[in-house]
Structure formats: structure tokens, C-alpha cells
Amino acid sequence: MSLPDLAYPGLPLGPSSSYIPGPGTHLHLESSTIHASIAGRPTFTPPTAKGSKPTLSIPRLLPSPTHAPIPSSNVSNTNTLPTVGSVVLCRVTRVKSKQVDVVILVVYGAEGKFGRGGEGSVCADEWQAVIRKEDIRATEKEKVVTAEGFRVGDVVRGVVISLGDQSNYYLTTGRNELGVIMAKSEAGNKMYPISWKEFKDPVTGETERRKVAKPF
Amino acid sequence: MPLDTSTYHLSLLRLDGRRWNELRRLHAQISTQASADGSSYLEMGNTKIICTVSGPAEIRGGGRREGVERDNAVVNVEVGVAGFSGMDRKRRRGDKRTTEMQNTIASAFTSTLFTHLYPHSTISINLHILSQDGSLLAVCLNAATLALIDAGVPMKDYIVACTSGLTPPASTLGGSRGGNSETSDPLLDLNGMEEQELPFLTGAGGTVGGDVGGGGGWV
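Basis of the calculations
- Residues numbered from 1 in each chain as written.
- Chains lettered and ligands numbered in written order.
- Predicted model: local features only at pLDDT ≥ 70, side-chain atom pairs only at ≥ 80, totals over all residues.
- Heavy atoms only, no water.
- Contact = heavy atoms within 4.5 Å.
- Buried area = accessible area lost by both parts, 1.4 Å probe.
- Polar contact = N/O pair within 3.5 Å; in protein donor to acceptor, adjacent residues only side chain to side chain.
- Axes fitted to C-alpha atoms, helices over the stretch in contact; angles between N-to-C directions.
- Helix = DSSP H or I, 4+ residues; strand = E, 2+ residues; numbered from the N terminus.
- Parallel < 35°, antiparallel > 145°, perpendicular 65-115°, else oblique.
- Left-handed = near helix turned anticlockwise from the far one by under 90°.
- Nonpolar A, V, L, I, M, F, W, Y, C, P; charged D, E, K, R; others polar.
- Salt bridge = Lys/Arg side-chain N within 4 Å of Asp/Glu carboxyl O.
- Buried < 20%, exposed > 50% of the residue type's maximum accessible area, 1.4 Å probe, protein only.

Caption draft 1: Region of interest: the interface of chain B and chain A. Taken together, the contact pairs 12 residues of chain B with 12 residues of chain A. Overall, the association of chain B and chain A removes approximately 840 Å² of surface from exposure, summing both partners, and the carbon and sulfur fraction of that is 63%. Its largest share of buried area at the contact with chain A, chain B owes to Ile-149, Tyr-158 and Val-208 of chain B, together 40% of the area lost on that side. Our enumeration of links across chain B and chain A arrives at one residue pair in polar contact (both at pLDDT 80 or more).

Following this line, the structure appears as C-alpha cells:
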């Protein structure tokens with residue numbers, strides 16, 4: 001049975017004998033057919049286990065981002081939410097003595113072999129997150145100075161450790177491959193990493209202290 | 001200006017040129033307000049309504065009140081009538097009719113939205129009436145349906161509504177009683193003038209089957 005291009009709530013999509021109802025659909029008991037619950041394009045995902053049925057679902061899409069200054073084909077309108085354990089890329093917005101405030105820009109899937117996970121998706125909205133002082137490094141946590149680890153504007157790779165409260169996710173950079181991946185020097189030039197704690201400005205030759213992520 | 005209904009059965013045309021079962025011009029848009037989770041703008045003839053939906057959102061103040069079951073989301077409706085919407089400029093504040101309309105709309109959507117998916121939450125529907133020319137409850141329900149679909153709130157069916165009324169039987173106009181051959185004609189989608197003169201009700205329902213309710217109005 002071919003799926004319609006656009007389904008509206010209440011539209012019958014298929015029999016429950018052939019499909020499993022997924023997100024965005026519901027089962028109508030009397031007629032044992034799967035009906036749509038939201039408006040959207042129905043898709044079906046192939047069966048997970050041998051012998052089971054494909055799943056019929058309607059993904060919920062956000063409105064296409066119109067506030068972005070430059071349109072990007074990478075900014076999708078399916079919002080991948082960060083979950084505990086997902087690798088994220090974020091940008092530092094504020095450095096305080098006990099924590100670092102960041103905004104999450106890109107979410108990768110669950111951690112892969114090298115701690116980086118699979119395909120990353122650019123978030124349609126920025127998510128607020130916090131890296132606490134004790135989560136910046138795995139060792140010598142009490143000796144950490146946040147200003148020696150991060151500066152405003154740095155791009156950081158971190159891992160979500162907690163969904164947190166209404167305002168913030170909580171991240172950690174306490175692994176070798178987590179930390180600052182891109183930084184600008186005080187002179188304004190892009191720097192490259194030279195050790196786990198220093199970036200170097202190629203133009204001025206100055207080095208600056210950061211908690212550097214180990215390049216793969 | 002009293003409605004002259006004496007010529008109804010002759011020409012079968014209403015004062016605005018419609019037949020008994022013709023609806024007024026319908027104009028609808030969704031996603032009109034980027035800031036809201038879902039929004040719509042609906043015109044049925046000269047009745048014009050903006051609807052915005054936000055939620056499901058957490059209830060302020062914890063929501064842990066005794067005796068209140070919060071296993072389902074609560075649908076909260078607010079209707080605001082603009083002062084310039086009617087024939088005379090009037091600010092209706094806390095009107096009983098408005099409150100009744102709010103409750104009707106809230107209970108209608110509570111029965112079709114999947115509120116069990118969002119416990120301890122509120123879905124807020126805000127309706128702003130810009131212009132009134134009859135069928136107010138029906139247009140509110142239709143506009144709210146569009147805004148809820150735009151917001152992506154899952155529902156088992158969508159609600160559509162329309163008003164229907166009865167013309168007076170032609171025999172009563174001349175004063176004589178017991179018109180055996182003269183029956184009333186039904187009318188669909190009453191405008192403001194017709195609503196003031198004729199008995200009508202607002203019927204609402206879904207497409208999948210089952211009634212979700214309606215409200216009656218008598219002058």
C-alpha cells in the first residue's frame with residue numbers, strides 16, 4: 001500500500017497487520033488500522049528484527065529556520081535532542097570561576113569507537129549548557145582554573161552527562177579527546193594545538209593556555 | 001434592521017445571495033505567527049479570527065494540588081474579543097458567553113487530542129476575534145483545529161464546525177397556524193443578521209466517527 005505524500009490527523013495509513021505504529025501515528029482499535037496523529041509526510045522504517053513488521057511513522061519537523069543569517073543545507077528541521085552520552089560541539093559564551101557557560105550547536109549520535117559518534121546534525125535552536133569546574137578535567141580537578149581552560153568564543157567538543165534542569169544541559173570535557181578544538185588568539189588569529197594544554201598563534205608566535213582536545 | 005424572511009421560500013436565496021446550503025467564502029492560513037508553536041488565521045465570510053497555540057508546557061507553580069489528576073494534559077482556552085470586532089465598539093470583559101465558549105472549545109479538544117502523552121502539562125489555545133459576523137463558535141473551533149495541526153499536537157481526529165439554523169415556516173408569517181405543507185428550511189453557515197433573528201446551533205464533529213459535541217444558541 002503506497003503512502004500518501006501528506007497525511008493529516010485521522011487519515012488511515014495502513015492495516016496494523018502489516019505495520020507497527022510508530023511516532024506520529026496511532027492505532028484505531030475498531031478498524032485495526034493505523035491512523036495519522038499529526039500532519040506530515042509518512043515514512044516507514046524497515047523492520048528491526050527478522051520477521052517483524054516495518055514501522056510506520058510521521059516524523060515531526062520544525063519550521064524551516066528563517067532566523068539563520070546564512071541559509072545552510074546542513075541545518076535540518078528535525079531536531080536531534082542531546083541525550084546523556086551524546087557528543088556535542090558547542091561554543092563558549094561565558095567563563096566563570098566555577099563553571100563555563102556554553103551553547104550546544106551540533107549534536108552527534110551516541111559515542112562511537114573514538115568517542116565522536118556518527119553523523120552530526122546542526123541544531124535548529126541553540127541549547128544552553130554548562131561545564132562545571134570539576135568536569136573540565138579527569139585528574140587534578142581541584143587545581144583547575146577555568147580561565148586557563150576556555151575562553152569566550154572557543155569551539156568545544158564535549159559529552160552530555162546530564163539533561164540537567166529547565167535551563168541547562170551538563171557537559172564534561174574530562175577525556176583526552178574532549179575540550180577546545182578551535183580557538184582564536186587574543187590577536188584575533190586562528191590558533192593550532194601544540195599540546196594538551198596549549199594553542200599556538202602562527203602569526204604572532206604566542207601560545208595560549210586551553211584544555212585542548214586531542215586531534216583524532 | 002429586521003430580517004425580512006418572507007421571500008425565502010419563493011426565491012430560495014438568502015439576503016447575501018446564498019442558497020440554503022452554501023457556505024461563505026473561507027480563507028485559511030497556518031503558520032502565520034513564527035513565535036507561536038502553532039498559529040492560524042481563519043476567515044469565514046466576515047468573521048475573522050487569529051488563533052495561536054503554545055505547549056505542551058509545564059504548569060507553573062508545580063501543579064501539585066490536591067484532588068487534581070494530572071495524568072493528562074490540560075487544554076486551556078482563552079478568547080479575546082477585539083473592541084472593534086462588532087457593530088458597536090464594546091469591550092467585553094469576562095463575559096459569560098465568552099467563558100462558555102472557552103469551556104466548550106476546551107472540552108471539545110480535550111476529547112480528541114492525545115492528552116495522555118503529555119502528563120502535567122498545559123496546551124494553551126488563544127483566540128483573537130478581529131471581526132464578528134456570525135458563526136463565532138464554529139470559526140473558533142475551526143481556527144483552533146488548524147493551529148493545533150500546525151503545532152503538531154497529536155490528535156486522533158480534527159474537529160470541524162459549522163452553524164445551522166431554521167427559517168421560520170412560511171405559514172406563521174401571515175398569522176395563521178398549523179401549516180401542514182409549509183415547513184421550515186434549514187440553513188447552513190449563518191451570518192450575523194441571520195443569527196440574531198433565527199434559531200441556530202453550532203455542530204462540530206470529526207471525520208473518523210463519533211460526535212465531539214456542540215453548542216446551541218437561541219436569540
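Caption draft 2: Up close: the packing of helix H2 (residues 96-112) of chain B against helix H3 (residues 136-151) of chain B. All names here are of chain B. It is at 11 Å that the axes of H2 and H3 come closest, and there the two elements cross at 40°. Viewed along their axes, H2 and H3 adopt a mutual orientation that is oblique. Where H2 crosses over H3, the handedness of that crossing is right-handed. Facing Met-101, Thr-104, Ile-105, Ala-108 and Phe-109 of H2, the residues of H3 in contact are Leu-136, Leu-137, Cys-140, Leu-141, Ala-144, Thr-145 and Leu-148. Within the contact of H2 with H3, the residues separate by chemical class into 10 nonpolar, two polar and no charged.

Caption draft 3: Representation of the pattern of salt bridges within the structure. Summed over all chains, the structure comprises 20 salt bridges over all chains. The salt bridge partner of Arg-210 of chain A is Glu-208 of chain A, with a shortest N-O separation of 3.0 Å. Across the pair, exposure class does not vary: Arg-210 of chain A and Glu-208 of chain A are buried alike. Sharing partners across several salt bridges, the network here consists of Arg-14, Asp-16, Arg-18, Arg-24, Asp-133, Asp-189 and Glu-194 of chain B.

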